[in-house]
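One-letter residues, chain by chain:
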Amino acid sequence: MILIQCDNLSKQYPNKLALDNVSLILQPGAPIALVGPNGAGKTTLFSLLCGYIQPTHGSIRILGHAPGSQALQGVLSALPQDAALDPNFTIASQLQFFAQLQGFNKTDAKQEVIRVLELVELSDSAQAKPKSLSHGMSKRVSIAQALIGAPEIVLLDEPTAGLDPANAKKIRQIVKNLAGETTFIISSHNLDELEKLCDHVIYLEKGQLQQSVSIKASQATDFITLTMQTCDMDKLHQQLLSLINVIEVKRSGDEQYVIEYHKQSGFELESQLLAVFNEQQWQYKAILKGRTLEETLFS
Amino acid sequence: MPVTTPPSGISHIWLLAQYELTKRFTNKSGMVALIAFMLVWGILLLYPIKSASEFIMQPNFKAFTEALFGPGSLQHLFEWPVAELAVFWLAALYLFPMFSIFIASDQFSSDKQRGSLRFLTLRVSRSSLFFGRFLGQMLIQFALITFTLLATIAMVMTRDISLLLPSLTTSLLVMINLVIVLLPYTAAMAVLSLYANSARQASIFAVILWAIVSIIIAIINFQFPQLNGLSMILPGSQISSMINTQGLDSLAFSPIPLMQTVVILALGNVLMKRSAL
């Protein structure tokens with residue numbers, strides 16, 4: 001089953017081509033990351049998927065349906081960027097109304113509101129009005145509204161932007177916990193965060209799809225990211241190249257090397273590395289299995 | 001979690017309309033508008049409407065209206081079974097449309113500015129949203145018309161309790177007529193509030209639109225007198241002719257606002273579907 005299919009999708013604003021001929025296919029499952037610099041077209045793509053705007057060219061099918069169609073009501077949900085609840089009414093009353101629109105009766109809608117507010121740890125603020133909440137709390141309430149009725153697809157546009165680390169961690173935990181029943185598509189600038197959550201990454205730049213890759217390692221080769229504390233980096237480079245099964249060694253920072261090697265079942269390479277460090281009396285900071293998302297996308 | 005089936009478009013429209021009604025009677029800005037409405041109607045009920053039975057039958061008043069509106073132009077006003085309702089009719093025909101421009105001015109503008117419509121369109125179709133909000137505003141105005149009519153009937157009862165039955169039957173017809181008169185105003189405000197950034201801006205748009213269209217129609221009518229039916233495109237164009245009617249005779253004018261409403265709502269629905277949220 002295809003979750004989302006975009007064919008030759010373009011969106012032209014009066015003074016900007018926000019999306020340029022984007023074609024992609026997304027499958028349901030683990031969270032999907034949407035990455036790109038500011039103005040890359042991430043929010044435009046989200047707005048098109050939600051049916052807030054119409055494409056200039058191309059087509060979108062979500063579970064076989066056009067965005068905004070009745071079949072997607074309650075199936076696709078979103079945390080839209082810069083959308084706020086009505087400041088005059090309590091959070092609970094507004095979320096309850098959303099639940100009723102999704103088909104819950106009044107009693108079940110109240111229960112559903114309690115459930116989603118508990119998920120974002122905001123049960124105590126149910127009777128508060130939106131204006132009395134902090135930025136982080138407002139964001140969590142908006143995420144709670146996206147979770148009403150356990151939709152199949154949830155689009156989260158910058159869910160942790162502007163949140164303190166503790167709240168950002170809570171949001172990540174919610175996504176992890178619900179990832180089994182819901183496919184999340186998350187746009188963010190925080191690559192470390194996406195790396196922890198997502199398997200599939202879509203990289204947009206200047207409205208064009210640059211990459212659509214899996215973070216999972218390929219079948220034949222693997223990577224180790226090695227961060228050193230004190231050592232002769234040039235000498236280390238030579239030493240690394242001489243190790244068994246190493247294919248390529250690339251310096252990715254002042255103190256960092258990314259080693260590509262033939263996949264092994266044991267820890268031969270790690271053992272070799274530790275032996276070299278011992279022999280040369282070098283200190284390492286971190287040995288990371290795999291590559292960072294930043295390295296995957298930009299190397 | 002209970003299994004849910006998505007409601008039909010009609011259910012969505014009804015849910016949205018009910019929510020609009022609740023919003024109006026619980027929200028602070030809605031209450032301010034209602035208080036203003038009640039004050040105006042309180043003054044009207046206490047002075048002109050209450051004393052209607054006394055002055056409407058005076059020959060001076062008849063002479064005054066004939067001098068103002070022309071001989072025979074308001075003759076039917078003096079034939080109403082309940083004099084208070086005759087004055088109510090005169091005031092309501094002009095005041096309710098004016099209130100409509102303000103009361104129904106925020107059907108979409110604030111929500112669109114805040115992005116709240118984005119939460120709703122994930123759950124309901126744009127057409128349901130458009131018609132639901134429109135219906136909600138009509139219910140609010142229906143409630144206001146009913147309250148003012150009940151207050152007028154109560155006042156009539158203090159004068160002559162035998163007028164209860166004619167008051168009720170006349171009020172029913174007045175109510176139906178007023179609701180029909182308000183339909184195109186409310187529909188027009190729904191369309192204008194789609195493009196305005198605030199309720200106030202929507203009201204200003206309405207005043208400008210009505211003024212400009214009236215001027216254009218007047219110019220066209222002056223140049224081409226055979227096109228005098230053109231004025232029928234403007235909501236409220238039939239009101240001046242309705243003043244001198246009563247009961248079922250007033251309903252003869254209803255095709256004009258009903259047609260206007262159908263056209264404006266159809267246009268609004270298309271614009272709603274096309275607009276970026």
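Here the structure is a predicted model, which is why all the values come from computation and not from measurement. (Residues numbered from 1 in each chain as written. Chains lettered and ligands numbered in written order. Predicted model: local features only at pLDDT ≥ 70, side-chain atom pairs only at ≥ 80, totals over all residues. Heavy atoms only, no water.)

### Thoughts on helix 3 (residues 106-119) of chain A
Residues and elements named next belong to chain A. The terminal C-alpha atoms of helix 3, which comprises 14 residues, lie 20 Å apart, in line with the 20 Å expected from a rise of 1.5 Å per residue. Among all positions of helix 3, only A109, E112, V113, V116 and L117 are buried. Buried residues in helix 3, looked at end-on, bunch into an arc of 130 degrees, giving them a common side. Turned more than 90 degrees away from the buried face of helix 3, the exposed residues are T107 and Q111. Elements in contact with the buried residues of helix 3: helix 2 (91-101) and helix 4 (135-147). A side-chain oxygen of the first residue of helix 3 lies 3.2 Å from the backbone nitrogen of T107; this N-cap is N105. A positive phi of about 55 degrees marks E121, the residue just after helix 3. (Helix = DSSP H or I, 4+ residues; strand = E, 2+ residues; numbered from the N terminus. Expected span 1.5 Å × (residues − 1). Buried < 20%, exposed > 50% of the residue type's maximum accessible area, 1.4 Å probe, protein only. Arc of directions from axis to C-beta. Contact = heavy atoms within 4.5 Å. Polar contact = N/O pair within 3.5 Å; in protein donor to acceptor, adjacent residues only side chain to side chain.)

### Considerations on the UniProt feature "transmembrane region" (unreviewed entry) in chain B
Residue and element names in this part refer to chain B. Following the UniProt record, one finds the feature "transmembrane region" (unreviewed entry) at residues 31-49, 86-109, 130-156, 168-192, 204-224 and 251-272. From the first C-alpha to the last, residues 86-109 spans 37 Å; its make-up is 79% helix and 0% strand. With 86% helix and 0% strand, residues 251-272 has end C-alpha atoms that lie 31 Å from one another. (UniProt positions renumbered as here; feature names shortened; annotations may be inferred.)

### Some details on the packing of aromatic side chains
Residues and elements named next belong to chain B. Here the structure, examined in full by the defined rule, presents 13 aromatic pairs over all chains. Here the aromatic rings of F37 and F96 are separated by 5.6 Å at their centres, their planes lie at 55 degrees, and the arrangement is tilted. Separated by 59 residues along the polypeptide, F37 in helix 2 (residues 28-49) and F96 in helix 5 (residues 83-103) bring together distant segments of the chain. Here the aromatic rings of F130 and F131 are separated by 5.5 Å at their centres, their planes lie at 75 degrees, and the arrangement is edge-to-face. For F130, a relative accessible area of 0% puts it in the buried group. One aromatic cluster in this structure is built from F37, W41, F88, F96 and F99. Above the face of the Y195 ring, K112 is positioned so that its terminal group lies 5.8 Å from the ring centre. (Phe/Tyr/Trp six-rings, centres within 6.5 Å; stacked < 30°, edge-to-face > 60°. Lys NZ or Arg CZ within 6 Å of the ring centre and 35° of its normal.)

### Overview of the sheet that holds strand 1 (residues 4-13) of chain A
All names here are of chain A. If you walk across this open sheet you meet the three strands as 2-1-4, and the pairing is antiparallel. Both edges of this open sheet fall to strand 2 (16-26) and strand 4 (57-62), since each of them pairs with a single strand only. Across the sheet, the mean angle from the axis of one strand to that of its neighbour is 20 degrees, orientation sign disregarded. Strands in contact with helix 1 (residues 42-50) are strand 1, strand 2 and strand 4; relative to strand 1, the strand with the most contacts, it is inclined by about 115 degrees. (Pairing = 2+ DSSP bridges. Axes fitted to C-alpha atoms, helices over the stretch in contact; angles between N-to-C directions.)

### Points about a nonpolar patch on the surface
All names here are of chain B. Residues I204, I208, I212 and I216 make up a contiguous nonpolar surface patch of about 340 Å² in total accessible area. Relative to the assigned elements, I212 resides in helix 10 (residues 199-223). Residue classification places I212 among the partly exposed residues on the basis of a relative accessible area of 44%. (Patch = residues over 30% accessible without salt bridge, like charges linked within 9 Å, V, L, I, M, F, W, Y side chains within 5 Å. Areas by Shrake-Rupley, 256 points an atom, 1.4 Å probe, with all protein chains shown as cover. Salt bridge = Lys/Arg side-chain N within 4 Å of Asp/Glu carboxyl O.)

### Some thoughts on the sheet that holds strand 8 (residues 200-205) of chain A
Residues and elements named next belong to chain A. Overall, mixed pairing links the six strands, which are arranged 5-6-7-3-8-9 in an open sheet. Looking at which strands have only one partner, the edges of the open sheet turn out to be strand 5 (76-79) and strand 9 (208-214). Mean inter-strand twist for the sheet, computed between neighbouring axes without regard to direction, equals 15 degrees. Note that strand 3 (residues 32-35) and strand 8 share four bridges and pair parallel. What sits directly across from A33, in strand 8, is V201. Along the sheet, helix 1 contacts strand 3, strand 5, strand 6 (153-157), strand 7 (183-187) and strand 8; its crossing angle with strand 6, the most-contacted strand, is approximately 150 degrees. Those strands touched by helix 4 are strand 5, strand 6 and strand 7, and its axis lies near 175 degrees from that of strand 5.

### What about the domain arrangement of chain A?
Residue and element names in this part refer to chain A. Here the domain parsing of chain A yields domain 1 (4-214) and domain 2 (221-298). Measuring from the centre of the C-alpha atoms in domain 1 to the corresponding centre in domain 2 gives 38 Å. Carbon and sulfur atoms supply 74% of the area that domain 1 and domain 2 bury against each other, a total of about 660 Å² over both sides. The interface formed by domain 1 and domain 2 includes zero salt bridges. At the junction of domain 1 and domain 2, the tally comes to zero residue pairs in polar contact (both at pLDDT 80 or more). Residue contributions to the side of domain 1 that touches domain 2 peak at three residues, all from helix 6 (residues 191-197). In terms of residue class, the side of domain 1 that touches domain 2 is made up of six nonpolar, one polar and one charged. (Domains from an automatic or database assignment. Buried area = accessible area lost by both parts, 1.4 Å probe. Nonpolar A, V, L, I, M, F, W, Y, C, P; charged D, E, K, R; others polar.)

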